[in-house]
Amino acid sequence: MDGPKKRRVMQWHPAMYAGIQVEFEEEAGQLQFENEHQLGTKPLAVDILIIKKDDSFSIKKNIGQIFRRYNIIEYKSPGDYLSIDDFYKVYAYACLYKCEARVIERIKTNEITITFVCHGYPRKLAKYLMRRRGYSIVRKEKGIWQIQGDEFAMQMVVTSRLSKEENPWLFHLNNPVPDSRTAEELIRSYEEKKRNPLYAAVMDFIVHMNEERFKEAKEMCRALEELMADELEAKRVEGIATGKAENVLELLGECGKVSDELRKKILCERNLEVLVRWLKIAAKAASVEEFQKAML
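Starting afresh in each chain, residues are numbered from 1 along the sequence in its written order. Local features are withheld for residues below a pLDDT of 70 in this predicted model, meaning they are given only at 70 or higher, and side-chain atom pairs are given and counted only at 80 or more; totals for whole chains, interfaces and linings count all residues. With hydrogens and water set aside, each side-chain value is computed from the structure's full complement of heavy atoms.

**Regarding the nonpolar core**
So, point 1. The biggest cluster of nonpolar side chains holds 26 residues, and the ones touching the most others in it are Phe87, Ile112, Ile114, Phe116, Ile147 and Met154.
So, point 2. Secondary structure counts use DSSP, requiring at least four H or I residues in a row for a helix and at least two E residues in a row for a strand, with both numbered from the N terminus. Listing elements by their share of this core, those giving two or more residues are strand E2 (70-75), helix H2 (84-100), strand E3 (112-118), helix H3 (123-132), strand E5 (144-148) and strand E6 (153-158).
So, point 3. Per element, the largest residue contribution to this core is 5 residues, and it comes from H2.
So, point 4. Among all residues touching methionine 154, those that are not within four sequence positions of it are Ile66, Phe87, Tyr91, Ile114, Phe116, Tyr135, Gln146 and Ile147.
So, point 5. Listed in part, the 17 residues of the second largest apolar core include Ala241, Ala245, Leu249 and Ala282. Nonpolar cores were defined as sets of buried Ala, Val, Leu, Ile, Met, Phe, Trp, Tyr and Cys residues, with membership established by side-chain atoms within 4.5 Å. Only protein chains enter the area calculation, which uses a 1.4 Å probe; residues under 20% of their type maximum are buried, those over 50% are exposed, and those in between are partly exposed. Residue contacts are counted whenever heavy atoms from the two residues lie within 4.5 Å of one another.

See below:
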């Protein structure tokens, strides 16, 4: 007696894709069909997502007063601008984020905010939003405009117009330091925060983008050397490590062909003790295979 027949698993999507093309058979020569078209060349990702741990908590910082439970931030570099297409891209991100939850309506539209951070005021986008989408754009304070008239709470933060007193780090991160006096003020402010890696990252960027101004500052020699000490040491160690890695590869090259995977592993190693050990092994190895076995 024959056993029960296995039920054939039917794939609906390929059939639907074919069916759509069948429907447009007479016009097919004028149409281009793409199955599962990929949107963009990189995975979709918001620049910054901030989630309030306690929804009832009220944020005092000016750029966060609009915040609700889930807050999406899109930022543009000083040399870039905020376009109409950028608006729709981030708006779509907000919609997708709402749909991420497996439970329907777990995340509500009135729990999401969108913040656009850009260097200059996006006049073309502002006009478009008011004329085509019927939004109102209201200036709340220096550098901050709220976009009103949508389910999502939205705002624009224009870094070139922010308050230097209220938002000094965000302002100088996106704007040139105008003179050595301002550089000195930043150095003094940083002195109190230099153990905080977040401040260190911001200050490091500001210094590199305004090197001449900091060289002019009276306190530059002492403060800048202290600020950059770790980075200089890291670069020194990296240079030594790169040199030793190249020496290992040079010795191995005399033993045979080095695979791309092994080459990459050696060049990426930054532990000097490990590299010194590999160098000794490479000097004695009769083949690349012998080196690989001994290096583990």
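**What about a positive patch on the surface?**
So, point 1. A surface patch of like charges, here positive, comprises Arg123, Lys127, Arg131, Arg139, Lys142, Arg161 and Lys164.
So, point 2. With 3 residues, H3 is the largest single contributor of residues to the positive patch.
So, point 3. Considering the arrangement of structural elements, one finds arginine 123 in helix H3.
So, point 4. On the accessibility criterion, arginine 123 (53% relative accessible area) is exposed. Patch building starts from residues that exceed 30% relative accessible area and form no salt bridge, then joins like charges within 9 Å and nonpolar side chains (Val, Leu, Ile, Met, Phe, Trp, Tyr) within 5 Å. Under the convention used here, a 1.4 Å probe and the Shrake-Rupley method define accessible areas, while residue burial counts only the protein chains that appear. By salt bridge we mean one thing: a side-chain nitrogen of Lys or Arg within 4 Å of a carboxyl oxygen of Asp or Glu. None of His or the chain ends enter the tally, which takes Lys and Arg as positive and Asp and Glu as negative. Every charge is mapped to an atom, namely NZ of Lys, CZ of Arg, CG of Asp or CD of Glu.

**A closer look at the environment of valine 276**
So, point 1. Here valine 276 shows up in helix H10 (residues 272-284).
So, point 2. On the accessibility criterion, valine 276 (31% relative accessible area) is partly exposed.
So, point 3. Separated by 32 residues in the primary sequence, valine 276 and lysine 244 have C-alpha atoms spaced 7.2 Å apart.

**Some words on a nonpolar patch on the surface**
So, point 1. A surface patch of nonpolar side chains, about 320 Å² in accessible area, is lined by Met16, Ile20, Phe24 and Leu31.
So, point 2. Position of methionine 16 among the secondary structure elements: in helix H1 (residues 12-23).
So, point 3. Here methionine 16 falls in the partly exposed class, since its relative accessible area comes to 37%.

**Brief notes about the pairing of E5**
Each regular strand shows side chains that alternate between the opposite faces of the sheet.
So, point 1. Of all 5 residues in E5, 4 are buried, a share of seventy percent or more.
So, point 2. For strand E4 (residues 136-141) and E5, the ladder comprises 5 bridges, and the chain directions are antiparallel. Looking at E5, one finds that isoleucine 137 is bridged to isoleucine 147.
So, point 3. In this analysis, strands are considered paired if DSSP registers two or more bridges between them. Taken together, the 4 bridges between E5 and E6 define a ladder with antiparallel strand orientation. Each bridged residue has a counterpart across the sheet, and for glutamine 146 the counterpart in E6 is glutamine 155.
So, point 4. What sits between E5 and E6 in their antiparallel hairpin is a turn of 4 residues, with glycine 149 showing a positive phi close to 120°.

**Here's the deal with the pairing of E2**
So, point 1. A large share of E2 lies buried, amounting to 5 of its 6 residues.
So, point 2. In this sheet, E2 lies alongside strand E1 (residues 48-51) in antiparallel orientation, the contact comprising 4 bridges. Within E2, the position partnered with isoleucine 48 by the bridge is isoleucine 73.
So, point 3. For E2 and E3, the ladder comprises 6 bridges, and the chain directions are parallel. Bridging from a neighbouring strand, tyrosine 75 pairs with valine 117 of E3.

**Overview of the sheet that holds E5**
So, point 1. Strand order across the open sheet formed by 6 strands is E1-E2-E3-E6-E5-E4, with mixed pairing between neighbours. Edge strands, defined here as strands with exactly one partner in the open sheet, are E1 and E4. Sheet twist, expressed as the mean angle between neighbouring strand axes with direction ignored, is 25°.
So, point 2. Sheet strands in contact with H2 are E1, E2, E3 and E6, and its direction is about 150° off that of E3. Axis angles are defined between N-to-C directions and span 0 to 180 degrees, where every axis is a line fitted to C-alpha atoms and, for a helix, only to the segment in contact.

**Comments concerning the confidence of the model for the chain**
So, point 1. pLDDT expresses, on a scale from 0 to 100, how confident the predictor is about each individual residue. Predicted confidence across the chain gives a mean pLDDT of 84, with 88% of residues reaching 70 or more.
So, point 2. Looking across the chain, the model is least confident in H1, with a mean pLDDT of 72, and most confident in E5, with 97.

**Observations concerning the pattern of salt bridges**
So, point 1. Considering all chains together, one arrives at 10 salt bridges under this definition.
So, point 2. The shortest N-O distance in the salt bridge between aspartate 80 and lysine 76 comes to 3.9 Å.
So, point 3. Judged by its relative accessible area of 36%, aspartate 80 falls in the partly exposed class.
So, point 4. Between lysine 76 and aspartate 86 there is a salt bridge, and its shortest N-O distance comes to 3.2 Å.

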